[in-house]
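Below, each chain spelled out in residue letters.
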Amino acid sequence: MDVFLHKFMSLFFLLISFFPFIVSMSSCKIRREFHLNGMHKAGDVILGGLFEVHYTSVFPELTFTSEPSEHICQGFDSPGFRHAMTMAFAIEEINKDPNLLPNVTLGYSLYDNCATLVIGFSAALSLASGQEKQFFPQEKCSGGPPVLGIVGDSFSTFSIATSDVIGLFRLPIVSYFATCSCLSDRRRFPSFFRTIPSDTFQVDAMIQILKRFGWTWAGLLVSDDDYGLHVAQSFQSKLTESGLGCLAYYEILPWGENPAELTRIVEGMKKSTARVVIVFAHQINMIQLMEEVLRQNVTGLQWMASEAWASAAVLQTSRLMPYLSGTLGIAIRRGEIRGLRDFLLKTKPGNNTNSENTMIRQFWEHTFQCRFAPPPVDWLEAGGALCSGKEDLETVQTEFLDVSNLRPEYNIYKAVYALAYALDDMLQCQPGKGPFIRHSCASLHSLEAWQLMYYLKKVNFTIPFGDQVSFDENGDALPIYDIMNWQWLPDGKIQVLNVGVVRKTAFGGEELTLNEDKIFWNFENNQPPRSVCSKNCNPGSRMARKKGQPVCCFDCVPCPEGKISNETNSVECFSCPEDFWSSPKRNQCILKRTEFLSYHEPLGVCLTTASLLGTSICTVVLGIFTYHRSTPMVRANNSELSFLILVSLKLCFLCSLLFIGRPRLWTCQLRHAAFGISFVLCVSCILVKTMVVLAVFKASKPGGGMHLKWFGAVQQRGTVFVLTCIQATICTVWIGTASPVPHKNTQYHNDKIIYECVVGSTIGFAVLLGYIGLLAIISFLLAFLARNLPDHFNEAKLITFSMLIFCAVWTAFVPAYINSPGKYADAVEVFAILTSSFGLLMALFGPKCYIILLKPERNTKKAIMGRGTPKC
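In what follows, the accompanying structure is described. (Residues numbered from 1 in each chain as written. Predicted model: local features only at pLDDT ≥ 70, side-chain atom pairs only at ≥ 80, totals over all residues. Heavy atoms only, no water.)

Residue position: Ser779 is located in helix 20 (residues 762–785). A distance of 2.9 Å separates the side chain of Ser779 from the backbone oxygen of Leu775, its partner in a polar contact. When residues no more than four places from it in sequence are discounted, the contact partners of Ser779 are Val683, Ile686, Leu687, Thr690 and Met803. (Helix = DSSP H or I, 4+ residues; strand = E, 2+ residues; numbered from the N terminus. Polar contact = N/O pair within 3.5 Å; in protein donor to acceptor, adjacent residues only side chain to side chain. Contact = heavy atoms within 4.5 Å.)

Right, let's talk about the pattern of salt bridges for a bit. One side chain can pair with another of opposite charge once the charged atoms of both are near each other. Tallied over the entire structure, the rule returns 19 salt bridges. With a closest N to O distance of 2.7 Å, Asp476 and Arg194 form a salt bridge. A residue pair is termed long-range when its members are at least 10 positions apart, and Asp476 in the loop between strand 20 (468–470) and strand 21 (480–488) and Arg194 in strand 11 (residues 192–194) qualify at 282 residues. Classification of Asp476 as buried rests on a relative accessible area of 9%. Overall, Arg194 belongs to the buried group, its relative accessible area being 0%. Ionic pairing is found between Arg212 and Glu516, a salt bridge with its closest N-O pair at 3.0 Å. Of this pair, Arg212 sits in helix 5 (residues 199–213) while Glu516 is found in the loop between strand 23 (510–514) and strand 24 (541–545), placing the two residues 304 residues apart along the sequence. In this structure Glu516 comes out as partly exposed when scored by relative accessible area, which is 37%. Sharing partners across several salt bridges, the network here consists of Arg333, Arg407, Asp467 and Asp482. (Salt bridge = Lys/Arg side-chain N within 4 Å of Asp/Glu carboxyl O. Buried < 20%, exposed > 50% of the residue type's maximum accessible area, 1.4 Å probe, protein only.)

For the rest of this paragraph, the subject is the packing of helix 20 against helix 21 (residues 795–818). A pair of packed helices is captured by two measures, namely the crossing angle of their axes and the spacing between those axes. Running from N to C, helix 20 and helix 21 point in directions that differ by 150°, and their axes come no closer than 8 Å. When the axis of helix 20 is compared with that of helix 21, the two are roughly antiparallel. Crossing geometry of helix 20 relative to helix 21 is assigned as left-handed. Residue-level contacts link Phe765, Leu769, Ile772, Ala776, Ile777, Ser779, Phe780, Ala783 and Phe784 of helix 20 to Ala796, Ile799, Thr800, Met803, Leu804, Phe806, Cys807, Trp810, Phe813 and Tyr817 of helix 21. (Axes fitted to C-alpha atoms, helices over the stretch in contact; angles between N-to-C directions. Parallel < 35°, antiparallel > 145°, perpendicular 65-115°, else oblique. Left-handed = near helix turned anticlockwise from the far one by under 90°.)

Everything listed here is a matter of coordinates, which is why it stays silent on function.
Set out below in structure tokens:
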């Protein structure tokens, strides 16, 4: 609906501005015609052109009573006139080509827009509708439109205004310099095409350059028109989406004289920490801006130029180069047009002073500083020269003849050829196979502009320079830009060097090719500047945005333990996997240190040595007892139980080795089972031995023989077996229901893994220890009761002492085990096993071995029974 309303208003403006006719019964007369600077050539088909041949224009003040007077264009622009002549050259070259549009002569009508919207708009309307002073409504309308297509305009704002109205006629407009991305809107501008890339691609190219050099903090200056405002919106949006940087400031450059605003803008640039300044503006904006930059002497800036001023010779002066040298610019693709300079040298003014080719006469007067007759009175009074028209262009130095850097001209050349190829395709249509109603074809005598537009959309050709020309669905050309660098040489010469190219890839992205070795930097050591709000956050830290400031301004916060960042300017720190931990620099995850009671550490070596030593002692004692098995000391009080105690103690020493080394499932299950069964076997033997001592003592009294029948060898073995089987059952149930398993414990230390065995069932572990404790307490109590027996029954004292050591050790074990972390819990348990085992071994077998080995005279039945004991 908005588009329809916009077009309706445009048509209304067209009707009230261009057709104020006085209608009579016989004919229509134009009320007022536009007086425009132009250049014309007749032909079978006419192409129009709109160019900036003058910098500006002056309009006289109007009153309600005065008649409207004509505008005056001022400031002749030689490059602008060269643009117009390039179109004339292209048309002449096409007319000479026998393979392109044979038997058709192209003509042109070229107008000067004087860099003023109303003049450019008036010129476009003149091209679309013609300037015939009178026509007759009764006549039958026939023939084609005044022009079949328009090349222009150079300004985006002008192109928008023109296309809004001309688009109603479906008249093709091919711009060579209007880059506003808004012109890609096919609904609003259905007949607009261009041979210059859209600002969308230019913005992408600028962002690619910022990314290449790591410039994340930049200022943006734009012109106050459609070109600048649209590109500013696009640039800010895409820069934010890319996350590659942000703007330190954004300013709109004023039109006309506004020194106060320029002063404010430059002062802001001077205070900013951004070293990179991106400018999307026109030459006139840059001229005004640089005057203020010069006045405030703002140096140390890296300028980035849009295509509108990247090749502007007017800024390449020794006065401005101390500030602008090193500028990187996005420039229109440079091309070569053979024969153009020779054509330009043939430019001559007409002899007729009323000639319609007024632009040539103005160029001649500007170049040779003369006036054609009749000259103004003040010119003659000032002693000015008269133009003869025979002056030689080769004798003067003029920018008009400089064809070394053809960029807008190259786009104009491609635009003219695009229209020519479209017309050629249209005229080669075979009747009955055409694209229009009933497969009809267009006719040269009844040609309509909209018919040419159909073929223009499909045009695809390659010009002699080698570049392909075609248009996408939005009327945009294949995007490609040159990257230019402004260089101030030591000898004072200035050159603008091509240092790269940026083009669209087949995948829709941007491919930036840059020769950095050729770039001149106007900074110390010829190195690119650093333009960031905050220094990069190194790996091992993350960015923390400063409150109230752009995202590019941040603090660097070190990653906490267990988290890392391995990229520069990381947004967040990432947690390491379960078995990994952060390095000291927090820039990588490393395997966590593992901790368990190892055979290779001093504590493990000591415990292993103690275990093997205890095993060896048990073996030696067992050997001694075996060797002396027939002696009374060994045979007394059931030698079989003594052998079982030695074997069980040996197993107790060996089971401690299961607690050393990296825990595995089988070691976790076996360690507690072996420990529990071994100790129950040992303690049950001691218990039975204690009971036998008491039974023998009672049997020695009159009538006490009946007690021994309950403590025969079979009953002793049976009791030990039953008591041991109960512990074995407890272990079986525990392992079967809630088996101990290896576990990676990170509770105590985050940076290392403690391998341990979790008991699985605390109740099972408690029952196992409680059963051992119960047997030990019973043994202790029985032995304690027998402590005062006569000396020949003194083994009870040894049992009492051994059980006292055993109970003390395991009573201290429980709190120590609970409060010991990681491997130290295993060490405490091993220590308890070894201590209690050594206590039992030394208390029970130490005195006996002493007698057997060192006091053999006491190893007799009489000595043991307390009779005939020798006195010392």
